[in-house]
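# Breakdown of the fold
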Amino acid sequence: MSLRHIEYRLATAVAATALVVTCTSGAAAPSAAAPTTGTYSTEAAAAAASQVLTAVNTFLGTLSSSQKTAVQATRTQANLSKWSNLPDALYTRAGLRMDSLTSAQQTAVLNILAAALSPAGFEQVTGITYGDGVLKAQGGIDLDFGADHYWIRILGTPSATGKWTIQYGGHHLAVNITLSGDTMTLGPTLWGAQPAYYTKSGATVEPLVGETDKAYTVLQSLNSTQLAAAILDTPVKEIVLGAGQDGKTLAYDGVQASTFTSAQKTLLLNLINEWITPLNTEQAAAKLADAQAGLDQTYFAWSGSTAANQPVYYRVQSPDFTIEFAHQQGSGANAGGITHIHSIYRENGNDYGAED
């Protein structure tokens with residue numbers, strides 16, 4: 001399927017769920033909102049979870065018996081952990097790949113994502129997947145890249161009361177959406193990009209622009225003492241808690257936000273906001289409130305150059321979550337310069353909804 005067809009399916013899915021998704025254009029796109037905890041409502045959270053369940057059941061209703069067998073599996077730790085940032089030529093996935101589905105089935109998958117995620121989160125997913133098609137078109141070694149080379153899998157029995165997980169991923173993307181009754185989590189979710197930015201319809205698209213630029217804003221706000229504390233003693237070039245690292249933790253390191261001014265705390269919340277708000281607004285509200293409540297116990301760490309457009313790594317750790325981000329120098333035939341991102345969002349003790 002062509003990139004143009006994929007783009008059409010995305011637009012159809014958004015329209016079907018009455019969500020308005022603004023096309024990413026330049027550095028302002030998915031990340032303009034100021035941090036806000038919003039107002040958590042159990043009724044709104046329940047309604048959001050119900051919409052996801054409806055979307056999943058609608059998708060399952062479009063499948064043949066053999067497709068249902070392929071896409072559904074038991075919710076074991078082994079199955080939960082079966083995701084990777086690698087392309088399909090280097091990693092064997094399970095479930096159904098988008099290019100194997102009919103147009104109606106593809107739209108049904110995208111409706112699931114549009115229900116589970118915020119408009120910005122949905123746009124971030126589609127920006128990453130479209131970018132994989134751009135990578136394929138750029139030439140080099142084709143490791144089975146493609147905008148429709150992404151997989152859907154349902155672990156556990158979808159229900160309004162039990163615990164079950166939706167997985168959607170492929171090269172540089174692994175979204176794990178766990179529902180437990182009325183609560184939802186995206187921990188763990190891997191966000192990546194290659195290329196980190198590209199041109200589409202004459203505009204620059206940068207799916208992880210907020211996660212990039214807002215980290216530099218925090219860094220540039222630090223005084224000399226804070227900066228010295230933030231820089232990691234041992235250089236780090238890659239995320240540590242990525243694929244295959246479930247259940248592992250990192251010791252706190254970096255500068256503690258309790259030393260920040262009020263303005264610096266706002267900047268850090270702006271950054272944290274980028275990682276929590278891909279989840280739909282109703283479900284993200286409680287997590288944003290927890291992030292603000294635990295801000296003084298949150299650490300910000302950095303490795304690499306403090307100048308823009310250089311390979312860097314940063315980490316944000318709070319009592320509730322761990323964030324890692326690595327912007328790397330590409331290598332090999334698909335290098336492309338400093339335009340290769342790996343990042344991870346994990347919830348401490350609550351990945352895959354362990355505590356829900």
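Keep in mind that this is a model prediction, so the values were computed, not measured. (Residues numbered from 1 in each chain as written. Predicted model: local features only at pLDDT ≥ 70, side-chain atom pairs only at ≥ 80, totals over all residues. Heavy atoms only, no water.)

## Observations regarding the overall build of the protein chain
For clarity, the cut-off: Only DSSP runs of H or I covering at least 4 residues are called helices, and only runs of E covering at least 2 are called strands; the numbering of each starts at the N terminus. Buried, partly exposed and exposed residues are distinguished by accessible area as a fraction of the type maximum, computed with a 1.4 Å probe on protein chains only: under 20%, between the cut-offs, and over 50%, respectively. Two residues qualify as a contact provided that any one of their heavy atoms is within 4.5 Å of a heavy atom in the partner residue.
Along its length, the protein chain carries 10 helices and 14 strands. Each of the 356 residues in the protein chain was classed as buried or not, and the buried ones make up 54%. Look at the contacts in the protein chain between residues 6 or more apart in sequence, and 69% of them connect residues 24 or more apart.

## Thoughts on helix α5 (residues 103-116)
Threshold: The length a helix should cover is 1.5 Å for every residue beyond the first.
An ideal rise of 1.5 Å per residue puts 20 Å on 14 residues; α5 measures up with 20 Å between its terminal C-alpha atoms. Counting buried positions along α5 yields 12 of 14 residues, so the element is predominantly enclosed.

## Details of the confidence of the model for the protein chain
As a reminder of what qualifies: Confidence scores labelled pLDDT are given residue by residue by the predictor and lie between 0 and 100.
Of the residues in the protein chain, 86% have a pLDDT of 70 or more, and the chain-wide mean is 88. Below pLDDT 50 for its whole length, residues 1-36 participates in 69 contacts with residues either more than four positions away or in separate chains.

## Focus on the nonpolar core
For the record, the criterion: Here, the term nonpolar core denotes a set of buried Ala, Val, Leu, Ile, Met, Phe, Trp, Tyr and Cys residues that are joined through side-chain atoms within 4.5 Å.
Counting 70 residues, the largest nonpolar core has Phe59, Ile166, Phe300 and Tyr314 as its most contacted members. It is α5 that contributes the most residues to this core, 8 residues altogether. Excluding anything up to four places from it in sequence, Ile166 contacts Val52, Val56, Ile112, Ile152, Arg153, Ile154, Val175, Asn176, Ile177 and Leu179.

## Observations regarding the pattern of salt bridges
We count it as follows: A side-chain nitrogen of Lys or Arg and a carboxyl oxygen of Asp or Glu constitute a salt bridge if their distance falls within 4 Å.
All told, the structure shown has 10 salt bridges when counted by the stated rule. The partner of Arg93 in a salt bridge is Asp88, and the shortest N-O contact between them spans 2.7 Å. A single burial state applies to Arg93 and to Asp88, both of which are buried. Between Asp144 and Arg97 there is a salt bridge, with the nearest N and O atoms lying 3.2 Å from each other. In this pair, Asp144 sits in the loop between α6 (119-137) and β3 (151-155) while Arg97 sits in strand β2 (residues 96-97), placing the two residues 47 residues apart along the sequence. Residues joined in a network through salt bridges with shared partners are Asp88, Arg93, Arg97, Asp99 and Asp144.

## Observations concerning the packing of aromatic side chains
One pair of aromatic rings is described through two measures. These are the centre distance and the angle between the planes. Going by this rule: Pairing of aromatic side chains here covers Phe, Tyr and the six-membered ring of Trp, requires ring centres within 6.5 Å, and sorts the geometry by plane angle: under 30 degrees stacked, over 60 edge-to-face, intermediate tilted.
Taken as a whole, this structure holds 9 aromatic pairs when the rule is applied. Judged by centre distance (5.0 Å) and plane angle (35°), the rings of Tyr252 and Tyr299 are tilted. In this pair, Tyr252 sits in the loop between α8 (224-230) and β10 (255-256) while Tyr299 sits in strand β11 (residues 299-304), placing the two residues 47 residues apart along the sequence. Take Tyr252: its relative accessible area is 44%, and that puts it in the partly exposed class. An angle of 5° between the planes, with centres 6.1 Å apart, marks the rings of Trp302 and Tyr314 as stacked.

## Some details on the side chain of Asn85
The condition is simple: Any N or O atom pair separated by 3.5 Å or less is treated as a polar contact, with the protein-specific requirement of one donor-capable and one acceptor-capable atom, and with residues adjacent in sequence counted only for side-chain atom pairs.
By the element assignment, Asn85 lies in the loop between α4 (77-80) and β2. Judged by its relative accessible area of 17%, Asn85 falls in the buried class. Here His342 takes part through its side chain, which lies 3.4 Å from a polar atom of the side chain of Asn85. If sequence neighbours within four positions are ignored, Asn85 has contacts with Arg93, Gly170, His171, His172, Leu190 and His342.

## Comments concerning the environment of Ile272
Tracing the chain through its elements places Ile272 in helix α9 (residues 262-276). Judged by relative accessible area, Ile272 falls into the buried class, the value being 1%. With 44 residues separating them along the chain, Ile272 and Val316 place their C-alpha atoms 8.0 Å apart. Discounting chain neighbours no more than four positions away, the residues touching Ile272 are Ala291, Leu295, Thr298, Val316 and Phe321.

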